[in-house]
Amino acid sequence: MKLRYKILIVVLVLVTGMLSWLAVSLSHDSPCGPAPALPEQTILMKAVVHRCYGAADVLRLEDVAKPTAADNEVLVQVHAASVNPLDWHYLRGTPYIVRLDSGFGKPENPRLGVDFAGTVAAVGKSVTHFKPGDEVFGGKFGAFAEYVSVREDRALVLKPANMTFEQAAAVPIAAITALQGLRDKGQIKPGQKVLINGASGGVGTFAVQLAKSFGAEVTGVCSTKNVAMVRSIGADHVIDYTQEDFTKSGEHYDLILDTVGNHTLLENRRALAPHGIFVIVGGPNNGQWIGPLMGLIDALVLSPFVSQKFRPFLAELNPGDLSILGDLMQAGKVTPVIDRQYALSEVPAAIRYLEAGHARGKVVINLK
Ligand SMILES: NC(=O)c1ccc[n+]([C@@H]2O[C@H](COP(=O)([O-])OP(=O)(O)OC[C@H]3O[C@@H](n4cnc5c(N)ncnc54)[C@H](OP(=O)(O)O)[C@@H]3O)[C@@H](O)[C@H]2O)c1
């Protein structure tokens, strides 16, 4: 056998071995460990933790070390948090690809939650934009807790005075996703026909209101029980997906924001104008490996062959967009839709409810 074939076989064996090792490591679940012992003098707070991957049953409300504000950080007493699908993806460690970030076998950081609103309890010595007593909202991993410390330059802004802590906590991930999906990926323009698939969910309820504030003609897709609510937040037209399939209606939209992923991209293409844009926010949770990321692969394959644009994206929390959303809420143009509220000890129930896939707006954790 020629040398180059031998080298090729060795490379193939090595690559296959590495991929198999990665697959086994990513899908391996370590058992839940005990909480680590804390030094006696530790100042404690309550936080929701998971010391292994799994369903909501593995969550515990534990005493953990209360954070302090480093020089460039703001310590926030959390009054409200909100739940996002991201939380249960990190809780379960699925799709497994998430574990490249959250840790192999078990979570490197056992805390959960991102969205929060609360009051500044202390600031580090180099912090200039916040002071104790300020009412704020933002995003920081570990938000299902009594306190979080956040870098001053990260996703943290003042809460509009006319919003409750519960409303503010409902905003960060869902509203930023809707904003960046419509504005940056969808390049929304006044007068365009825009369809929001999943209009009654966390992202969808913000997307309907934001699309209206951009001057679009908005169609929301939801089930029968949510038709009146989606109309009440500003949708010009509502399609009840139990009665009608929007991909077969003959209508063509300039922009579709899809938070559900229940149609193939070829089916969705039927509902797009010739140069329409399809923004993929969420996908079906079918499969442990890449799950909702399947839409991304489909989009990459289809895009070069069609005139429409298919754009998967991941939202990014940042203070600039949080401020824009705060201003829109202050002006009464966007109002969070809150479905259920739970106590911190009830985070497992809140996550189970959201994971069932039929939340009506946002699910909030109330710590007051
Ligand atoms: N790309 C990103 O950066 C990003 C950011 C945030 C979220 N996401 C993803 O976006 C998706 C939505 O997030 P979310 O927070 O809005 O979730 P959510 O609040 O759990 O969404 C639930 C909503 O989906 C609706 N729904 C279910 N089946 C539907 C169907 N066949 N047609 C239309 N609507 C349907 C439900 O309405 P009914 O009860 O009426 O069925 C419910 O109101 C998730 O997959 C999430 O992981 C992605």
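Shown above is the structure to which this text applies.
Just so it is clear, the structure is predicted and the values come from calculations on it, not from any experiment.

Calculation notes
Residues numbered from 1 in each chain as written. Predicted model: local features only at pLDDT ≥ 70, side-chain atom pairs only at ≥ 80, totals over all residues. Heavy atoms only, no water. Disulfide = S-S within 2.5 Å. Helix = DSSP H or I, 4+ residues; strand = E, 2+ residues; numbered from the N terminus. Axes fitted to C-alpha atoms, helices over the stretch in contact; angles between N-to-C directions. Parallel < 35°, antiparallel > 145°, perpendicular 65-115°, else oblique. Contact = heavy atoms within 4.5 Å. Nonpolar A, V, L, I, M, F, W, Y, C, P; charged D, E, K, R; others polar. Pairing = 2+ DSSP bridges. Salt bridge = Lys/Arg side-chain N within 4 Å of Asp/Glu carboxyl O. Buried < 20%, exposed > 50% of the residue type's maximum accessible area, 1.4 Å probe, protein only. Near = heavy atom within 4 Å. Polar contact = N/O pair within 3.5 Å; in protein donor to acceptor, adjacent residues only side chain to side chain. Areas by Shrake-Rupley, 256 points an atom, 1.4 Å probe, with all protein chains shown as cover.

Trainee: Would you mind going over the state of the cysteines in detail, with residue names and values included?
Mentor: Summed over the entire model, instances satisfying the criterion amount to 1 disulfide. Disulfide pairing places Cys32 opposite Cys52 at an S-S distance of 1.8 Å. Torsion about the S-S bond of the Cys32 and Cys52 cystine: about -45°, corresponding to left-handed handedness. Within this pair, whereas Cys32 is found in the loop between helix 1 (3–27) and strand 1 (44–50), its partner Cys52 is found in the loop between strand 1 and strand 2 (59–65), the two being separated by 20 residues in sequence.

Trainee: How would you sum up the packing of helix 5 (residues 172–185) against helix 10 (residues 319–330)? Please name residues and give values.
Mentor: The N-to-C vectors of helix 5 and helix 10 enclose an angle of 95°; their axes lie 10 Å apart at closest approach. As far as their axial angle goes, helix 10 and helix 5 are roughly perpendicular. Taken together, the residues of helix 10 that come into contact with helix 5 (itself represented by Pro172, Ala175, Ile176, Leu179, Gln180 and Arg183) are Asp321, Leu322, Ile324 and Leu325. Of the residues belonging to the contact of helix 5 with helix 10, the class tally is 7 nonpolar, 1 polar and 2 charged.

Trainee: Explain the sheet that holds strand 11 (residues 253–258) residue by residue, including any values.
Mentor: Pairing is parallel across the open sheet formed by 6 strands, whose spatial order is 10-9-8-11-12-13. Every other strand in the sheet has two partners, leaving strand 10 (237–240) and strand 13 (309–312) as the edge strands with one partner each. Taking the axes of each pair of neighbouring strands and ignoring which way they run, one obtains an average angle of 15° across the sheet. In this structure, strand 11 lies alongside strand 12 (residues 272–280), joined through 5 bridges in parallel fashion. Within strand 12, the position partnered with Leu257 by the bridge is Val279. Lying over the sheet, helix 6 (residues 202–213) contacts strand 8 (193–197), strand 9 (217–222) and strand 11, oriented at roughly 170° with respect to strand 8. With respect to the sheet, helix 9 (residues 294–302) is in contact with strand 12 and strand 13, its orientation differing from that of strand 13 by roughly 150°.

Trainee: Could you give me a rundown of the pattern of salt bridges, with the residues and numbers involved?
Mentor: Under the criterion given, the structure shown has 15 salt bridges. As a salt-bridge pair, Glu166 and Lys368 come within 3.1 Å of each other at their nearest N and O atoms. Here Lys368 lies in the segment after strand 15 (362–366) and Glu166 lies in helix 4 (residues 165–169), a separation of 202 residues in the sequence. One connected set of salt bridges, linked through shared partners, spans Arg183, Asp184 and Asp321.

Trainee: Can you explain the pairing of strand 1? Please cite residues and give values.
Mentor: One face of the sheet, then the other: side chains in a regular strand alternate in exactly this way. In terms of residue burial, strand 1 counts as a mostly covered element, since 5 of its 7 residues are buried. Strand direction decides the pairing type here: strand 1 and strand 2, joined by 7 bridges, are antiparallel. Residue Val48 lies in a different strand from strand 2, and its bridge partner there is Leu61.

Trainee: Tell me about the environment of Thr219, and name the residues and values.
Mentor: Mapped onto the secondary structure, Thr219 falls in strand 9. Residue classification places Thr219 among the buried positions, given a relative accessible area of 3%. Here the alpha-carbon distance between Thr219 and Leu300, two residues 81 residues apart in the chain, equals 26 Å. Excluding residues that lie within four positions of it along the chain, Thr219 makes contacts with Val194, Leu195, Ile196, His237, Ile239 and Tyr253.

Trainee: Summarise the site of the ligand; cite the residues concerned and give the values.
Mentor: With respect to spatial proximity, 27 residues lie near the ligand, and among them Ser200, Ser223, Tyr241, Ala315 and Ala359 are the closest. Measuring from an oxygen atom of the ligand, one finds a side-chain N or O atom of His358 at 2.8 Å. Notes on the ligand: free accessible area 940 Å², of which the protein chains cover 87%. Every element with two or more residues in the shell around the ligand is listed here: helix 2 (85–92), helix 5 and helix 6.

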